[in-house]
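Listed below, chain by chain, are the residues.
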Amino acid sequence: MCAQTRGEKENTVRKRVWIDSQTEEEILRGIREAKDLSEYDALSASAYLRAKEDYLMGINFSRLLTLKYGDSISNYLHTKYSSIAVGRVMTCVLGMVVRREREIREFVKTPFYRVNAIINAGEETFEGEWKVTPESKYYQSPELYKENGFKKREKAEELINYLNEEAPLTGQIVSIEKKKEKKNPPLLYNLAELQNECSKRFKISPDETLRIVQELYEKKLVTYPRTDARVLSSAVAKEIAKNLNGLMNYQPVIPYLKEIVSFGSHKGLIKTRYVNDKQITDHYAIIPTGQGIGALKSVPALSAKVYDCIVRRFLSIFYPAAVYQKIAVVTSVRKENFYSNFKILAEEGFLKVAGENSTQNTDQKFFESIQKLRKGMDLSVDKLEIKEGETSPPKRYNSGSIILAMENAGQLIEDEELRAQIKGSGIGTSATRAGILKKLIQIKYLELNKKTQIITPSLLGEMVFDVVQSSIRSLLNPELTASWEKGLNYVAEGQITPDEYMSKLTRFVEGHTNKVKGLNNQYQLRRLYDDAAQYYKKSKPVGDKKAGRKGK
C-alpha cells in the first residue's frame with residue numbers, strides 16, 4: 001500500500017522492521033536488523049490462515065447451530081428468538097467455566113477428623129498434628145483419611161483414649177530439623193500474569209487491565225503489553241541500565257534503585273533465569289521503560305497503581321531471594337507421631353521492594369524459644385483435641401484465573417504432542433483473551449460479579465454448552481485449538497502449504513456441518529435444559545436484570 005501510494009518502482013528494495021516496543025533504542029535496533037519481506041512470507045500466510053480459520057468456524061457453525069437449535073432455546077426461555085454464537089476459542093472458554101460449575105454442583109463434601117496435641121515446652125506451648133507412620137497402630141488402616149486424619153470421629157476419639165491410657169501424658173522429641181529456605185523473585189509480568197494480579201489486587205477485569213497497560217504503553221511508560229513472555233531478551237538485558245537510570249525520576253523507588261546499584265546485580269542480569277531468548281516469540285515481558293515519568297501526573301490513580309506493580313516486579317529481579325528459617329519438630333507419644341512446623345522470615349530480600357506480604361507463621365520471641373528444643377527432650381502434653389474439617393469443592397474461576405487457565409490450557413490435554421503444541425501459548429493470545437471473556441459476558445453466556453470478579457455461567461450459557469456438547473463436541477476442548485495451532489506452525493515453518501491447510505479446514509467445516517444436519521436430538525436436549533434450569537430462578541427469563549442464581 002505504501003509502495004503504491006508513493007509510486008515506487010517494482011525493483012525497489014523493501015524490508016520489514018520488527019520491534020518489541022516503541023522506545024528509541026528498540027526502533028533503531030529494528031531498523032539496523034531489518035530483513036527482506038520475503039523472509040516473513042510463511043509467517044504472514046500462517047497469520048492470515050489463523051484469521052480465516054476463526055472466521056470460517058465461527059460464521060458457519062454459529063449459523064448452523066442457530067438454525068438447528070435456536071428455536072429450541074428460545075421456546076424454552078420464552079424469548080422471541082435466540083441465536084447461538086460459537087467460536088474456536090470462545091466456546092472452549094465457555095466449556096471450561098460450565099464444566100467447573102458442574103464439578104462444584106456434583107461435589108460431595110467428605111468430613112474428616114484430625115487429632116492435635118498441645119505440647120508444653122516450658123515457657124511456651126505449641127501444637128502438633130498427628131500423622132500415621134509405619135510404627136503407628138493405625139498404619140494402613142482403611143479408617144484413615146489420607147495420612148493425617150480419620151473418616152469417622154469415633155476413630156479419632158479412639159486414638160485419644162489410647163494415648164491417655166498412660167498418665168501423665170508425655171511425649172519425646174524424636175526429630176528436630178532446622179534449615180533455611182529461599183524464595184526467589186518471581187518471573188516478570190506477561191499480560192496474563194498482570195491481568196491475574198490486577199484482578200486479585202484491584203478487582204478489575206482483564207479487559208480493564210489491558211486498557212490501562214495499553215495507555216501506559218502509549219505514553220511510553222512500559223513496554224509492549226500484549227505479550228506471553230515472562231523473560232527478557234539478551235539484547236534488552238545488555239541495555240537494562242537505561243531503564244534503571246530512567247526510573248531514578250520515579251520517586252517511590254529511588255531507595256531501591258540505590259540499593260540495586262550497591263548490589264551491582266544489574267551487571268549480571270543476562271546470566272539469570274530472567275533472560276532467555278528461546279522463551280520469547282514476538283515480545284519480551286512487560287517492564288517499565290524508564291521514560292515518560294512525567295506523564296504519570298496525568299493518568300488516573302488506578303493506572304498509577306498498575307504502573308507501580310510493574311515497576312516493583314521489575315526491580316524485584318535485581319534483589320536477592322527472601323530467606324526463611326524453618327524448624328520441623330516431631331514429638332512421639334506412645335509411638336504415635338505429632339508434627340510441628342515453624343517458619344520465620346530471616347532475610348527480606350526481594351519482598352522489600354515487591355510489596356508482597358511475607359508468609360510466616362511464627363513471631364520472633366516464640367521462634368527463639370522453639371530453637372532451644374533438642375532431640376530426646378521429654379515434654380508434657382497438656383491436651384489432645386479433635387479438629388474437624390471437610391473436603392472443599394473446586395474454586396470458581398475469577399476474571400484473572402480464567403485468563404491464566406486459558407494461557408495454560410495445554411495442561412488439560414492428554415495427548416503429549418498436542419499438549420506441547422500450545423505450551424506457552426494456550427488458547428487465544430495475550431491480545432485476544434480479555435476480549436473473548438468480555439464478549440462471553442456481553443452475550444450473556446457468562447456472568448461476572450464486578451465486586452469479587454467471580455465468573456459463573458448463565459442458564460443460556462449452559463444451554464449453549466449442552467447444544468455444542470451434543471453436536472460439535474470438539475469445539476469445547478483445547479485439543480482442537482492445539483491441533484490447528486500445530487498446522488499453523490507447519491505453515492509458518494514451510495512444512496505444508498497454505499492450500500493444504502485450507503483443504504483440511506474446508507473438510508472439517510463441511511464434515512461437521514453435514515453431521516449436525518443429520519442429527520435428531522431435540523428431545524435429549526430438553527432433558528439437559530431441565531437439568532441445568534433447576535439451578536436458576538424460573539420466574540424471570542434470561543436477560544432480566546432481576547434474574548439470578550439460586551442462593552445469590
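Residues numbered from 1 in each chain as written. Predicted model: local features only at pLDDT ≥ 70, side-chain atom pairs only at ≥ 80, totals over all residues. Heavy atoms only, no water.

1. Focus: the packing of aromatic side chains
With the rule as written, the count across this model stands at 14 aromatic pairs. Considering the side-chain rings of W130 and F150, the 5.0 Å spacing of their centres and the 15 degrees angle between planes classify their relative orientation as stacked. With W130 in strand 4 (residues 125-131) and F150 in the loop between strand 4 and helix 5 (153-163), this residue pair connects regions lying 20 residues apart in the sequence. What makes W130 buried here is its relative accessible area of 0%. The class for F150 is buried, based on a relative accessible area of 0%. (Phe/Tyr/Trp six-rings, centres within 6.5 Å; stacked < 30°, edge-to-face > 60°. Helix = DSSP H or I, 4+ residues; strand = E, 2+ residues; numbered from the N terminus. Buried < 20%, exposed > 50% of the residue type's maximum accessible area, 1.4 Å probe, protein only.)

2. Regarding the packing of helix 6 (residues 191-202) against helix 11 (residues 301-316)
Running from N to C, helix 6 and helix 11 point in directions that differ by 125 degrees, and their axes come no closer than 11 Å. It follows from the interaxial angle that helix 6 and helix 11 lie oblique. Note on packing geometry: the crossing formed by helix 6 with helix 11 is right-handed. Residue-level contacts link L194, C198, R201 and F202 of helix 6 to L302, K305, V306, C309 and I310 of helix 11. Residue composition of the contact of helix 6 with helix 11, grouped by class: seven nonpolar, no polar and two charged. (Axes fitted to C-alpha atoms, helices over the stretch in contact; angles between N-to-C directions. Parallel < 35°, antiparallel > 145°, perpendicular 65-115°, else oblique. Left-handed = near helix turned anticlockwise from the far one by under 90°. Contact = heavy atoms within 4.5 Å. Nonpolar A, V, L, I, M, F, W, Y, C, P; charged D, E, K, R; others polar.)

3. A closer look at the environment of E103
Relative to the assigned elements, E103 resides in helix 4 (residues 90-106). Residues E103 and P394 lie 291 residues apart in sequence; the distance between their C-alpha atoms is 7.2 Å.

4. Focus on the pairing of strand 8 (residues 378-390)
By the bridge criterion, ten bridges tie strand 3 (residues 111-120) to strand 8 in an arrangement that is antiparallel. Looking across to strand 8, one finds that N116 is bridged to E385. Of the strand pairs in this sheet, strand 5 (residues 170-183) and strand 8 are connected by three bridges, and their pairing is antiparallel. From the neighbouring strand, Q172 faces strand 8, where its bridge partner is D378. (Pairing = 2+ DSSP bridges.)

5. Here we look at the pattern of salt bridges
One side chain can pair with another of opposite charge once the charged atoms of both are near each other. Summed over all chains, the structure comprises 29 salt bridges. The partner of R88 in a salt bridge is E53, and the shortest N-O contact between them spans 2.5 Å. Highlighted residues: R88 in the loop between helix 3 (41-77) and helix 4 and E53 in helix 3, separated in sequence by 35 residues. Taking the shortest distance from any N to any O, the salt bridge between R153 and E388 comes out at 3.7 Å. Of this pair, R153 sits in helix 5 while E388 is found in strand 8, placing the two residues 235 residues apart along the sequence. (Salt bridge = Lys/Arg side-chain N within 4 Å of Asp/Glu carboxyl O.)

6. Some words on the side chain of S233
Of note, S233 is situated in the loop between helix 7 (206-218) and helix 8 (234-238). Relative accessible area serves as the criterion here: at 12%, S233 is assigned to the buried category.

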